Amino acid sequence: MQSNDARLLLHAVVPTLAAGALAVAVSGVLAGASGAIGAVVGTALVVLVMGAGLTVLQQTAKKLPQLFQMMGLLLYTVQILFVAVFLIAFKNTTLFDTKAFAFTLLAATLVWIAAQTRGHMKAKILYVDPGSAETKTAETAGSPT
């Protein structure tokens, strides 16, 4: 993983975990221990699904850049399906409070997306390799006659 990739992942994970900690505290006060557990599960699900998705996209961009856009669309579809299967599997659970889980899942996802967007906008990622641009300029300039 390149330093830009690790930095982008870190810039998304830290605010999401902070929002998750806040959600655990609020859910614990409002819904008790089961609410706190639901908030922990919701935060963990977002960090795992979104983190794995970002890692897969970064690897795809590095190895197969021509498939990047298609892989992004496929990945988001798989993420939505994975969360839907998780929701269906734990629909009537008594392990945690489902409302606290749902609100935490929504809030953590929105925080992740906002943090990832902000991190990407702040990143200084070069679109052109400066070394290759200089050699092409020298070749195309021609000799003065």
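Just so we're clear, the structure is a prediction, and the values are computed from it rather than from any experiment.

Reading the values: the criteria
- Residues numbered from 1 in each chain as written.
- Predicted model: local features only at pLDDT ≥ 70, side-chain atom pairs only at ≥ 80, totals over all residues.
- Heavy atoms only, no water.
- Helix = DSSP H or I, 4+ residues; strand = E, 2+ residues; numbered from the N terminus.
- Buried < 20%, exposed > 50% of the residue type's maximum accessible area, 1.4 Å probe, protein only.
- Contact = heavy atoms within 4.5 Å.
- Expected span 1.5 Å × (residues − 1).
- Arc of directions from axis to C-beta.
- Phe/Tyr/Trp six-rings, centres within 6.5 Å; stacked < 30°, edge-to-face > 60°.
- Patch = residues over 30% accessible without salt bridge, like charges linked within 9 Å, V, L, I, M, F, W, Y side chains within 5 Å.
- Areas by Shrake-Rupley, 256 points an atom, 1.4 Å probe, with all protein chains shown as cover.
- Salt bridge = Lys/Arg side-chain N within 4 Å of Asp/Glu carboxyl O.
- Axes fitted to C-alpha atoms, helices over the stretch in contact; angles between N-to-C directions.
- Parallel < 35°, antiparallel > 145°, perpendicular 65-115°, else oblique.
- Left-handed = near helix turned anticlockwise from the far one by under 90°.

This part covers the overall build of the protein. From N to C terminus, the protein includes five helices and zero strands. Ordered by position in the sequence, the α and β elements of the protein form the string α-α-α-α-α. Counting all 145 residues of the protein, 28% fall into the buried class. Counting only contacts in the protein whose residues sit at least 6 apart along the sequence, the fraction spanning at least 24 positions is 71%.

This next bit is on the environment of Leu87. Within the secondary structure layout, Leu87 lies in helix H3 (residues 68–89). Residue Leu87 is classed as partly exposed on the basis of its relative accessible area, which comes to 39%. Spatially, the C-alpha atom of Leu87 lies 9.9 Å from that of Phe101, the residues being 14 residues apart in sequence. In this structure Leu87 touches Phe101 and Leu105, once residues within four positions along its chain are discounted.

Bringing the side chain of Ser27 into the picture now. Here Ser27 shows up in helix H1 (residues 3–31). Judged by its relative accessible area of 10%, Ser27 falls in the buried class. Those residues in contact with Ser27 that sit more than four places away from it in its chain are Gly32, Gly35, Ala36, Ala39, Ala100 and Thr104.

What follows deals with the side chain of Gln116. Along the chain, Gln116 turns up in helix H4 (residues 98–122). Excluding residues that lie within four positions of it along the chain, Gln116 makes contacts with Leu8, Ala12 and Leu54.

Bringing H3 into the picture now. Every α-helical turn comprises 3.6 residues, leaving residues that sit three or four positions apart pointing alike. In this model, H3 (22 residues) spans 31 Å end to end at C-alpha, consistent with the 32 Å of a helix rising 1.5 Å per residue. Taken together, the buried positions of H3 are occupied by Gly72, Leu75, Gln79 and Phe86. Viewed end-on, H3 has its buried residues packed into an arc of 65°, placing them on one side of the element. Projecting away from the buried face of H3 at angles above 90 degrees are the exposed residues Gln69, Met70, Leu73, Ile80, Leu81, Val85 and Ile88. Against the buried residues of H3 lie helix H2 (33–63) and H4.

Time to look at the packing of aromatic side chains. Taken as a whole and judged by the stated rule, the model has four aromatic pairs. The interplanar angle of 45° and the centroid separation of 5.2 Å between the aromatic rings of Phe96 and Phe101 together place this pair among those described as tilted. Every member of this aromatic cluster is reached through a ring pair, and the members are Phe86, Phe90, Phe96 and Phe101.

A grouping of Leu22, Val26, Val29 and Leu30 is seen on the molecular surface, where their side chains present a nonpolar patch of about 460 Å² in accessible area. Secondary-structure assignment places Leu30 in helix H1.

Quick look at the packing of H2 against H3 now. The N-to-C vectors of H2 and H3 enclose an angle of 160°; their axes lie 10 Å apart at closest approach. Classed by the angle they form, the pair H2 and H3 counts as roughly antiparallel. Along this stretch, H2 crosses H3, giving a crossing that reads as right-handed. Of the residues in H3, those touching H2 at Val41, Leu45, Val49, Met50, Gly53, Val56, Leu57, Thr60 and Ala61 are Phe68, Met71, Gly72, Leu75, Tyr76, Gln79, Phe82, Val83 and Phe86.

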